[in-house]
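# Summary of the model geometry
Below are the chains, spelled out letter by letter.
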Amino acid sequence: MPLRPALAATAGAVLLLLAAAPSAPAADTDSTTEVTESVTVDKKIRLAADGTVTVSGTYRCADAEGPVFVSASVAQRKSGTRHAIGGTLAECDGKKHRWVNEGTPTPSTLRAGKADVEATLVELRPVDVLGGLSLPYFHAKLKKNATLVKA
């Protein structure tokens, strides 16, 4: 089997295993207690007159080997379209931090009212066996109902 298809098949298998594996809480290096990794979303999401959406909340993570981001997306039942709302670089030091993401989805069908929000704390973790290729590692994920309010 040629090398490239073999590497592609291996990378695909690793991605499937990473996606299926639950994330484990990381240990706090300063004590024997474990850090519970989490991400939260505030109950109200701001919608500006120009269509800019602001989503915020808190996160906590530890023991990252690569860059970690808090991503968010918003959808409303009427349109069914999920809109990505920015990304924030996270600091995984075991402490609780605030995050705020802003984005102006186009075309935007978002209106004031009920919304479905998803926030994910994802790390781009380098994998040595794949030549340093970064693969996603999910520290925490949350899906909840919130309210879009005019800013």
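Our structure is the block above this text.
Residues numbered from 1 in each chain as written. Predicted model: local features only at pLDDT ≥ 70, side-chain atom pairs only at ≥ 80, totals over all residues. Heavy atoms only, no water.

## Observations regarding the overall build of the protein chain
In terms of helices and strands, the protein chain carries one helix and 10 strands. Order of helices (α) and strands (β) in the protein chain, N terminus to C terminus: α-β-β-β-β-β-β-β-β-β-β. Taking all 151 residues of the protein chain together, the buried fraction comes to 37%. When contacts within the protein chain are restricted to residue pairs at least 6 apart in sequence, long-range pairs at least 24 apart make up 66% of them. For the protein chain, the accessible area works out to roughly 9200 Å², and carbon and sulfur atoms hold 57% of it. (Helix = DSSP H or I, 4+ residues; strand = E, 2+ residues; numbered from the N terminus. Buried < 20%, exposed > 50% of the residue type's maximum accessible area, 1.4 Å probe, protein only. Contact = heavy atoms within 4.5 Å. Areas by Shrake-Rupley, 256 points an atom, 1.4 Å probe, with all protein chains shown as cover.)

## Topic: the pairing of strand E9 (residues 113–127)
In the sheet, strand E6 (residues 68–75) pairs with E9 via eight bridges, with the strands oriented antiparallel. Counterpart to alanine 75 in the pairing with E9 is aspartate 116. Where E9 and strand E10 (residues 133–150) come together, 15 bridges link them in antiparallel fashion. By the bridge assignment, alanine 115 is partnered in E10 with alanine 146. The hairpin turn running from E9 into E10, its antiparallel successor, is five residues long, and glycine 131 in that turn takes a positive phi close to 70 degrees. (Pairing = 2+ DSSP bridges.)

## Notes on the environment of alanine 49
Tracing the chain through its elements places alanine 49 in the loop between strand E4 (44–47) and strand E5 (53–60). When its relative accessible area of 89% is taken as the criterion, alanine 49 is described as exposed.

## Some details on the pattern of salt bridges
When charged atoms on two side chains of opposite charge get close, those side chains can pair. Per the stated rule, a full pass over the model turns up four salt bridges. Note that arginine 82 is salt-bridged to aspartate 116, the shortest N-O span being 2.1 Å. One end of the pair, arginine 82, is in strand E7 (residues 82–90); the other, aspartate 116, is in strand E9, and 34 residues separate them in sequence. In this structure aspartate 116 comes out as buried when scored by relative accessible area, which is 19%. One salt bridge in this structure joins lysine 141 and glutamate 118, with 3.8 Å as the shortest N-O distance. Here lysine 141, found in strand E10, pairs with glutamate 118, found in strand E9; they are 23 residues apart in sequence, far enough to count as distant. Overall, glutamate 118 belongs to the buried group, its relative accessible area being 17%. (Salt bridge = Lys/Arg side-chain N within 4 Å of Asp/Glu carboxyl O.)

## Some points on a nonpolar patch on the surface
A cluster of nonpolar side chains, contributed by Phe69, Leu89 and Leu124, occupies part of the molecular surface with about 260 Å² of accessible area. Checked against the element boundaries, phenylalanine 69 lands in strand E6. Note on phenylalanine 69: relative accessible area 31%, which makes it partly exposed. (Patch = residues over 30% accessible without salt bridge, like charges linked within 9 Å, V, L, I, M, F, W, Y side chains within 5 Å.)

## Describing the side chain of histidine 83
Residue position: histidine 83 is located in strand E7. Excluding residues that lie within four positions of it along the chain, histidine 83 makes contacts with Ala72, Ser73, Val74, Pro105, Pro107, Ser108, Thr109 and Leu110.

## Description of the nonpolar core
With 24 residues, the main nonpolar core has Val53, Val55, Val74 and Trp99 as its most contacted residues. Among the secondary structure elements, those contributing two or more residues to this core are E4, E5, E6, E7, E9 and E10. (Core = buried A, V, L, I, M, F, W, Y, C linked by side-chain atoms within 4.5 Å.)

## Focus: unusual backbone geometry
In the Ramachandran plot, aspartate 63 falls in the positive-phi region, its phi being about 55 degrees despite a non-glycine side chain. Since its relative accessible area comes to 38%, aspartate 63 is described here as partly exposed.

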